[in-house]
Amino acid sequence: MSANRTAFPIIFVAILSVCLMFLIIHNTTSFLSLLSFPVASLVPFVCISLMFIIILNLAMRQALTMYVASIIAFITISHFYIIPGLKVSNENLKIVADSKHLLLSFITLLPIFGLIKIPAHRILKSVIYLFGSVIAWGFFSLVIAKLDLPILHVVERALSSMGIKPPFQNFLLSPLQFVLISISTMVLVILLIKSLHNVYLLAIASLAALAMVYVSSLSIILFAILGSVLCLFSAIITSRNMAFNDELTGIPGRRSLTQYAQEVSGQFAVVMIDIDFFKNFNDKYGHDAGDDVIKLVASKIAKTGNRGRAFRYGGEEFTLVFDGKYIDDVRETIEDLRVQLESYPMAIRIQNRPQKSASESKNRRHAPVKQEIVKVTCSFGIAQSSLGSNDFKAAIKRADSALYKAKKGGRNCVRTVE
Ligand SMILES: Nc1nc2c(ncn2[C@@H]2O[C@H](COP(=O)(O)OP(=O)(O)OP(=O)(O)O)[C@@H](O)[C@H]2O)c(=O)[nH]1
């Protein structure tokens, strides 16, 4: 797990604690009300920052972060500029744009939008997604605002008829708000279990929930500032992952290896790994099945113990780097990995091939996908850094010649170069 990923929950808890502290202070003493004027003057700054994030994310084509950032901007703007205006002019419209309902609708829809994945290159789709979700969000706020009080009355009446005194006066949330926040929290927790990166969605939803419970200018501003910081974090981490991780396998790619080469100490062992007869495999089962095998092999290599760092070198080649180790320290680990790969039955999806005509190619999409179990082997070349030198390129070259020896020696074996 990368340092960024482990750092994220810590950042989340820290931000949330600071936010909570501010809100508690604000609601128990009038200390922070002294700050209300300078804080309010931050609003244009917050909005401009959010717009900057939106443009940044549009450039990076991350529809979800873009959506979250723009909704935060809309909530902030409407709280300060639209709702006060509506309050005076139209009592009916006021409830539609009420900050509490805008935030509640945002919290409820967040996991749904978290589940939608827009392909990175579909910029038009991303823009449609953004506008569609803003409209859905506005509409949903309206529905929630209209239903909130009637549902509260229905539940109160039902409880009274059963002789139970409705406890809602002591609660911070109405029944509808409570149900929607609970469902949203459950889905966000499931998303978080699927990927730790989704912690930022949970963090933003929590900030929104806190701001909703204590709706005030200060809590909205805190929500906007912290929410945008989280969006920015997410954008930076995602773009970093995009740049440094290999797209197909998800493990660090060549760029990461080049960077890591600057960080290793003077003593390290490096292993070059190549899948055997991969061209034949591609020819027999097709490129998609080949991709599946590359992914499976990568996932196995990434789990290598002995503090080895795995990288996709390119194509069907991988590199393992063991910082602070000699060849003898890693020989057994690599032999274990070789045996593990050799004995691992890989389940790959296979479609009918070869295609003969355009119409057949079209039908291929609907062709039944078969599963087949295949066995794959790899060859390994190990080298270590020369005494007192951390010339990484030279060590890679030596590992490559050891790999060549392994190929010449019949494949599915480990060779070393001192
Ligand atoms: N499916 C798939 N194939 C790839 C990818 N990258 C490279 N290849 C294929 O990997 C094959 C590599 O073949 P070769 O380098 O000739 O070697 P080989 O068939 O593995 O044989 P040996 O290395 O000699 O055991 C080529 O056919 C490439 O097209 C990829 O990302 N996906």
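Residues numbered from 1 in each chain as written. Predicted model: local features only at pLDDT ≥ 70, side-chain atom pairs only at ≥ 80, totals over all residues. Heavy atoms only, no water.

S.K.: I would appreciate a short explanation of the packing of aromatic side chains in the present structure.
M.R.: Aromatic ring pairs: the centre-centre distance and the angle between the two ring planes describe each pair. Tallied over the full model, the rule gives six aromatic pairs. Relative to phenylalanine 281, the ring of phenylalanine 278 lies with its centre 6.0 Å away and its plane at 5 degrees, an arrangement referred to as stacked. One end of the pair is phenylalanine 278 and the other is phenylalanine 281, both in helix α12 (residues 278-285) and three residues apart, which spans about a single turn. Pair check on accessibility: phenylalanine 278 and phenylalanine 281 agree, each one buried. Of the aromatic side chains, those joined through ring pairs into one cluster are Phe278, Phe281 and Tyr285. (Phe/Tyr/Trp six-rings, centres within 6.5 Å; stacked < 30°, edge-to-face > 60°. Helix = DSSP H or I, 4+ residues; strand = E, 2+ residues; numbered from the N terminus. Buried < 20%, exposed > 50% of the residue type's maximum accessible area, 1.4 Å probe, protein only.)

S.K.: What is the right way to look at the sheet that holds strand β1 (residues 268-275) in this model?
M.R.: Backbone-to-backbone hydrogen bonds pair the strands of a sheet. The strands run either parallel or antiparallel. Across the sheet, five strands lie side by side as β2-β3-β1-β6-β7; this open sheet has mixed pairing. Every other strand in the sheet has two partners, leaving β2 (309-314) and β7 (414-417) as the edge strands with one partner each. When strand polarity is set aside, the average angle formed by the axes of neighbouring strands in this sheet is 20 degrees. Seen against the sheet, helix α16 (residues 392-408) touches β1, β2, β3 (317-323), β6 (378-384) and β7 and runs at an angle of roughly 140 degrees to β6. (Pairing = 2+ DSSP bridges. Axes fitted to C-alpha atoms, helices over the stretch in contact; angles between N-to-C directions. Contact = heavy atoms within 4.5 Å.)

S.K.: Hey, could you run me through the environment of leucine 207 in this one?
M.R.: Checked against the element boundaries, leucine 207 lands in helix α9 (residues 199-213). Note: C-alpha distance between leucine 207 and leucine 103 (104 residues apart in sequence) is 9.8 Å.

S.K.: Even after reading the chapter, I still don't get the side chain of lysine 407, so can you show me in this structure?
M.R.: Checked against the element boundaries, lysine 407 lands in helix α16. Under the relative-accessibility criterion, lysine 407 is labelled buried at 18%. A polar side-chain atom of lysine 407 sits 2.8 Å from a polar atom in the side chain of aspartate 274. Excluding residues within four positions of it along the chain, lysine 407 makes contact with Asp274, Ile275, Asp276 and Ser379. (Polar contact = N/O pair within 3.5 Å; in protein donor to acceptor, adjacent residues only side chain to side chain.)

S.K.: When you look at the site of the ligand in this model, what are you seeing that I'm missing?
M.R.: The environment of the ligand is formed by 16 residues, the closest being Phe278, Lys279, Asn282, Asp291 and Arg411. A distance of 3.1 Å is found between an oxygen atom of the ligand and a side-chain nitrogen or oxygen belonging to aspartate 274. Residue phenylalanine 278 places a main-chain N or O atom 2.8 Å away from an oxygen atom belonging to the ligand. Surface burial for the ligand is 66%, taken as the share of its 670 Å² of free accessible area covered by protein chains. (Near = heavy atom within 4 Å. Areas by Shrake-Rupley, 256 points an atom, 1.4 Å probe, with all protein chains shown as cover.)

The values are spatial; any link to function lies outside them.
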